[in-house]
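A structural walkthrough
What follows is the residue order along each chain.
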Amino acid sequence: MTSLYDEVQAAPGEGVPTRRVTIKVNGEDRTVDVEPRLLLAHLLRQGLKLTGTHTGCDTTNCGACTILFEGRPIKSCTMLAVQADGHSIETVEGLASASELHPIQEGFKEEHGLHCGFCTPGMMLAAKALLDKNDNPTEDEVRWALSGNLCRCTGYQNIVKSVLWAAEKMRAESK
Amino acid sequence: MALDEIKIGGLGASRRRVEDNRFIRGKGNYVDDIVLSGMLHMEILRSPVAHARIKSIDVSKAYDIPGVRLVLTGEMMAARNLAWMPTLSYDTQAVLATDKVRFQGQEVAAVIADDPYIAKDACQAIVVEYEQLPVIVNPFQAMESGSEVIRDDKENQPGNKVFDWEIGDKAATDKAFAEADVISKMELHYPRSHPSPMETCGSIADFNRATGKLTVYMTSQAPHIVRAAVAMVAELPEHMIRIVSPDLGGGFGNKVPIYPGYVISILASILTERPVKWIEDKTGNLISTGFGRDVYLQGEMALRKDGKMLGMRMRTISDHGAFYADAQPSKFKIGLMHSTFACYDIPAAHLESVGYYTNKAPGGVAYRCSFRVTEAMFFQERMVHAAANDLGMDQAEFRRMNLVKDDMFPYRTAFGFLTDSGQYGKCLDIGMKAIGYDTYKAEQEEARKRGKLLGIGISTMTEPLGAGNSREYDILGIKMFDSAELRVHMSGKAILRTGAMNQGQGHQTTWAQIVAHELGIPADDVTVEEGDTDTAPFGMGTYASRSTPVAGAAVAMVARKIRAKARKIAAHLLEVSEEDIEWELGRFYVRSNKERGVTIQDCALAAYSNMPDGMEPGLENNAYYDPPNLTWPFAAYFVKVEVDAETGVWDVLKVVAVDDCGVRINPMVVEGQIMGGLTEAYAMASMQYQTYDDEGNCIGSNYMDYLLPTAWETPGFELHEVVTPCPHHPIGAKGVGECATVAGPAAFVNAVVDALGHLGVRNIDMPMMPNRVYEALTTGKDISGMPPVKMGD
Ligand code: FES
Ligand code: FES
């Protein structure tokens, strides 16, 4: 069992309430004691050491913290860790298998869909949510699906190309 | 056989990026990802008001919260002589406020606690009593006689003026105006904009009492400058300071200055003897760290009636916030503003600049530009647009007539810059063709009949990138050279370190390509490292598009030194004299017998195992590169828009970008930079700005108010390429990272103003939000965006 407080401090302060939650993260059950106010993004980053999920704002605008919650893209900075109790989530660390990258990851590299990489995990997960539902999206559908995610570096054009590249590969693979 | 350069990932290869391998797996290593054992967390309490005397600070309640280890105030900093620190522009900046707060968001106290949540709680428990003072939110208020003096901490401070500066030949310019047939004028405000990288600033200071060594992991685009500054401020010996910039989540100039948070975390670590992590939140980043622009530009152009430009005059009034914390070469008070009009053949020019303190966040950083050239080129292209209209000339033809011609290089501008290469006319032609300029006038006429307002905007410019040569460019006295260090291992693999600092530009990928080009060592065999001052050679870092012009040149130069030594080894291995040896990519051979040769890898092995008598073993070297001149890329951008006459909403129909940045190391990466820059240009033109209300509240303090375009709004871009190699750069490259942010905004504004041109509108200040465009449309008047704004504007 991983405990958030094992990671960040010796023990919860006196009078600080905690709740035990179990969340399936990238297919694996993780049980942790958390303060009820702890944000899911912070649990992932600090408690579970899954630092691929980034936080880029305080107002639910940037999408750098996007993960998949029961397959749907959500902003993990705007969900409490306790709300995820009993649920299944996927983070960027779960995209690739031990031997193989996910087509979306390949697409981002192939089409130069990232510069600094800070928005990339969130972008890829938002893209995955789209492609899991629709493996042949139009450019507009891709742009709309990513419109909750900000990127300061790329200008999006290559991100869109990356997603379309991945869609094509996923279609070919599923044939 | 010579190697195929593209196959080994040399110059011109669109090599896929090495750094992507970790980023796409979520395995980047940004400051906030680093965890040190025993690490504490710091949070900063910021001022809610823009200008006030601090009457008292009571931190006792903060200490009541379990897990709080230390609370720092200005007084405690002052006791250690750390309440103020120098800025990169020879001013001072408060680290934690002692006497007054001078802008909303200024650092007032800091809490160090076991966990970031506790630190945030404790900040709320600190009680500060303020006595409010009159607030100044623009330079015109600042210059009024009798206005409150913001920097009363400084002796001999003349009111709120920061500097007064001029350049150019006033007499010659006056004469040009006296002889002009037509004088065209322009006046505008380039609003304050925040670079706002996705990742905010942050640091982890780790002072080790046992060794006396201070290590700071931090978000810096210029770690060596930070080391020098920390040595100065914290009075620690330079060899006992190690600054490490890990992966940066973007920078865009925002991560050049040294911020109070870094300094406070250092003191906190020294006092607690524990590592202290400070990660700024987004609001903190937006309201307190280095902004760009905020300049009022006014000027005029002297013209002959056939369209020839005879002279130009320009005055700038700039708003620097509470501390003059511009990051720019020290000789130039308003950056390289005087590069304005560098692509045009103008005999006489004069610039006057005045800077003022206001109760706003400090800065004036090179936000994705080479020190104020964004403002310079924006004014230039807005002025040119207006002048063409005043003359009744076509936008493209007016530019063509006045652009510096290919055979005029090297060309000395009226302000003294030396532009050295370019094919401006060719770029213009390519852009005109791509945007459909021929048929456009007829199209516009026809559309107007249907109530549609079409516009095309052009922006052409050359900008000075790659500061810079040691005669003219320094920051705090340190010359703006850069460096590279290359070590070839015995198997022919290598490690390269430079004084630059990647923040998304792809140095790990592209620097290796320069090595591949110079030595024939496949790029995949070259590790690139930057950002650790204990290992990297001293360099001035990455901003102002200087990496390729300066550090990139150093990479080529160090590789050439390696090749020179390898040649001696090759002569030894081939048992001929050095003069009888020829080089082809990756291989030395005997001139008389091309079959007889040795590879660079053979030479590397021999450098460790079979060197000639008397030769020093090993194969490594370094190069410090002092560039002879700046590099001068050229850009020609065309934007076509349609404005909705009912609402003022404008849509981008097409964007064409023609860039000549000389030889492209990695075309894929160059195009990525251009598209990123175009997007920031579109952002500034359409939505992104920071303004202030009359109480000094920052409007634009979070992403709900500070609007950044998403994939949905951002238009598509069509890119074109022209290559005029830089004559003095070792591989012919020019800077490019910022051309699009610099030249782009004017193309968008010119397009919208063109669409409204028949209504008599000369200017709409950015951002051209629909309400502003609508007002211009319905009144036919110019729209100014000067703060203060009324809430809800
Ligand atoms: S951190 Fe910005 S939306 Fe979650
Ligand atoms: S790649 Fe830097 S924010 Fe998207």
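Residues numbered from 1 in each chain as written. Chains lettered and ligands numbered in written order. Predicted model: local features only at pLDDT ≥ 70, side-chain atom pairs only at ≥ 80, totals over all residues. Heavy atoms only, no water.

What about the overall build of chain B?
Helix and strand content of chain B: 19 helices and 35 strands. The C-alpha atoms of chain B give 27 Å as radius of gyration, which agrees with the globular expectation for 793 residues (28 Å, within 12%). In terms of principal-axis extent, the alpha carbons of chain B reach across some 85 × 75 × 50 Å. Across the 793 residues in chain B, those meeting the buried criterion constitute 66%. Relative to all contacts within chain B whose residues are 6 or more apart in sequence, the contacts with residues 24 or more apart total 79%. Of the accessible surface of chain B, which amounts to about 25,800 Å², a share of 50% is contributed by carbon and sulfur atoms. Taken together, the 78 basic and 103 acidic charged side chains of chain B have centroids lying 2 Å from each other. (Helix = DSSP H or I, 4+ residues; strand = E, 2+ residues; numbered from the N terminus. Rg over C-alpha atoms; globule rule 2.2 N^0.38 Å. Buried < 20%, exposed > 50% of the residue type's maximum accessible area, 1.4 Å probe, protein only. Contact = heavy atoms within 4.5 Å. Areas by Shrake-Rupley, 256 points an atom, 1.4 Å probe, with all protein chains shown as cover. Lys, Arg positive; Asp, Glu negative; His and termini not counted. Charge placed at Lys NZ, Arg CZ, Asp CG, Glu CD.)

Description of the pattern of salt bridges
Residue and element names in this part refer to chain B. Considering all chains together, one arrives at 73 salt bridges over all chains under this definition. The partner of D345 in a salt bridge is K308, and the shortest N-O contact between them spans 3.8 Å. In this pair, D345 is assigned in the loop between β17 (333-336) and β18 (348-356) and K308 in the loop between β15 (292-303) and β16 (309-319), connecting sequence segments 37 residues apart. D345 gets classed as partly exposed once you look at its relative accessible area, which sits at 22%. One connected set of salt bridges, linked through shared partners, spans R53, D91, D99, K100, R102, R151, D152, D153 and K154. (Salt bridge = Lys/Arg side-chain N within 4 Å of Asp/Glu carboxyl O.)

Observations regarding the domain arrangement of chain A
Residues and elements named next belong to chain A. The domain architecture assigned to chain A consists of domain 1 (4-94) and domain 2 (103-174). Across the boundary between the two partners, domain 1 contributes 17 residues, which contact 13 residues of domain 2. Summed over both sides, the interface between domain 1 and domain 2 buries roughly 1,100 Å², with carbon and sulfur atoms accounting for 63% of that surface. Taken together, domain 1 and domain 2 are joined by 1 salt bridge. Between K128 and E90 there is a salt bridge, with the nearest N and O atoms lying 3.3 Å from each other. At the boundary of domain 1 and domain 2, one finds 6 residue pairs in polar contact (both at pLDDT 80 or more). Where the side of domain 1 that touches domain 2 is concerned, the elements lending two or more residues are β3 (66-69) and β4 (72-75). Looking at the side of domain 1 that touches domain 2 element by element, the count peaks at 3 residues for β3. (Domains from an automatic or database assignment. Buried area = accessible area lost by both parts, 1.4 Å probe. Polar contact = N/O pair within 3.5 Å; in protein donor to acceptor, adjacent residues only side chain to side chain.)

Some details on helix α4 (residues 116-124) of chain B
Residues of α4(B) that are buried include every one of B:Y117, B:I118, B:A119, B:A122 and B:C123, and no others. On its buried side, α4(B) packs onto α2 (40-47) of chain A together with β1 (40-46), α2 (60-63), β3 (68-73) and β7 (107-113) of chain B. Its side-chain oxygen placed 2.6 Å from the backbone nitrogen of B:Y117, B:D115 serves as the N-cap of α4(B).

Some thoughts on the domain arrangement of chain B
Residues and elements named next belong to chain B. Taken domain by domain, chain B comprises domain 1 (20-27 + 482-625), domain 2 (34-133 + 199-249 + 255-288) and domain 3 (369-466 + 629-779). Summarising the inter-unit geometry, the C-alpha centres of domain 1 and domain 2 are found 40 Å apart. With both chains or domains summed, domain 1 and domain 2 bury close to 1,400 Å², and 52% of this area falls on carbon and sulfur atoms. The interface formed by domain 1 and domain 2 includes 3 salt bridges. A salt bridge links D534 to K213; the nearest nitrogen and oxygen atoms lie 2.8 Å apart. Our count for the contact surface shared by domain 1 and domain 2 stands at 11 residue pairs in polar contact (both at pLDDT 80 or more). Partitioned by chemical class, the residues of the side of domain 1 that touches domain 2 number 7 nonpolar, 7 polar and 4 charged. (Nonpolar A, V, L, I, M, F, W, Y, C, P; charged D, E, K, R; others polar.)

Brief notes about the interface of chain B and chain A
In this complex, chain B contributes 57 residues to the contact, which on the side of chain A involves 46 residues. Between chain B and chain A lies a buried interface of about 4,600 Å² when both sides are counted; carbon and sulfur atoms form 56% of it. When residues of chain B are sorted by the area they lose upon contact with chain A, B:I24, B:Y117 and B:M198 head the list and together hold 18% of the total. Seen at the junction of chain B and chain A, the total is 5 salt bridges. Residues B:R16 and A:E110 are paired through a salt bridge, measuring 3.1 Å at the closest nitrogen-oxygen approach. Those elements giving two or more residues to the side of chain B that touches chain A turn out to be α1 (20-23), α4, α9 (282-288) and α17 (667-686) of chain B. Of all the elements, α17(B) adds the most residues to the side of chain B that touches chain A, at 8 residues.

Here we look at the layout of surface pockets
Reported here for the largest pocket is a volume of approximately 700 Å³. Looking at the lining of the largest pocket, the elements that each hand over two or more residues are α2 of chain A together with β1, α4 and β14 (276-279) of chain B. Ranked by the residues each element gives to the lining of the largest pocket, the list is headed by α2(A), at 4 residues. Of the residues contributing to the lining of the largest pocket, the split by class is 12 nonpolar, 12 polar and 11 charged. (1 Å grid on protein atoms, 1.4 Å probe; cavity = no way out; pocket = protein on both sides within 12 Å on 5 of 7 lines; lining within 4 Å. Points joined across faces, edges and corners; volume = space filled by probe spheres on them.)

Digging into α2(A)
The buried fraction of α2(A) is high, at 7 of 8 residues. Turning to α2(A), its buried residues number three or more, namely A:L40, A:A41, A:H42, A:L43, A:L44, A:R45 and A:G47.

Digging into the sheet that holds strand β31 (residues 634-643) of chain B
Residue and element names in this part refer to chain B. Pairing within the open sheet is mixed, and its 4 strands lie in the order β21-β31-β32-β35. If you trace the sheet from one side to the other, it starts and ends with β21 (453-462) and β35 (718-721), each paired once. Between one strand axis and the next, the sheet turns through 15° on average, direction left out of account. In this sheet, strand β32 (residues 650-660) lies alongside β31 in antiparallel orientation, the contact comprising 10 bridges. Residue pairing in the sheet places A635 in a bridge with D659 of β32. Sheet strands touched by α17: β31, β32 and β35. Its angle to β32, the strand with the most contacts, is close to 140°. (Pairing = 2+ DSSP bridges. Axes fitted to C-alpha atoms, helices over the stretch in contact; angles between N-to-C directions.)

With respect to the packing of helix α3 (residues 103-110) of chain A against helix α4 (residues 120-133) of chain A
Two quantities define a packed helix pair, namely the angle between the helix axes and the distance between the axes. All names here are of chain A. Put simply, α3 and α4 touch, their axes get as near as 10 Å, and they point 125° apart. In terms of orientation, α3 lies oblique with respect to α4. The chirality of how α3 crosses α4 is right-handed. Counting all contacts with α3, which are made through I104, Q105 and F108, the residues of α4 involved are T120, M123, M124, A127, K128 and L131. Per-class residue counts for the contact of α3 with α4 are 6 nonpolar, 2 polar and 1 charged. (Parallel < 35°, antiparallel > 145°, perpendicular 65-115°, else oblique. Left-handed = near helix turned anticlockwise from the far one by under 90°.)

Digging into the side chain of B:D474
Residues and elements named next belong to chain B. Along the chain, D474 turns up in strand β22 (residues 474-475). Buried charge without a salt bridge: D474, with K479 as the nearest opposite-charge side chain at an N-O distance of 5.1 Å. Only 2.5 Å separates the side chain of D474 from the side chain of S330, close enough to count as a polar contact. Of note is the side chain of D474, whose polar atom sits 2.8 Å from the backbone nitrogen of G477.

A look at the nonpolar core
Residues and elements named next belong to chain B. If you look at the biggest cluster of nonpolar residues, it comprises 209 residues, and the most contacted ones within it are L72, M77, Y543, Y637, V643, W650 and L756. Here this core gets 13 residues from one element, more than from any other, and that element is helix α18 (residues 739-756). Core analysis: the next-biggest nonpolar cluster, separate from the first, contains 50 residues, V526, V558, A566 and Y625 among them. (Core = buried A, V, L, I, M, F, W, Y, C linked by side-chain atoms within 4.5 Å.)

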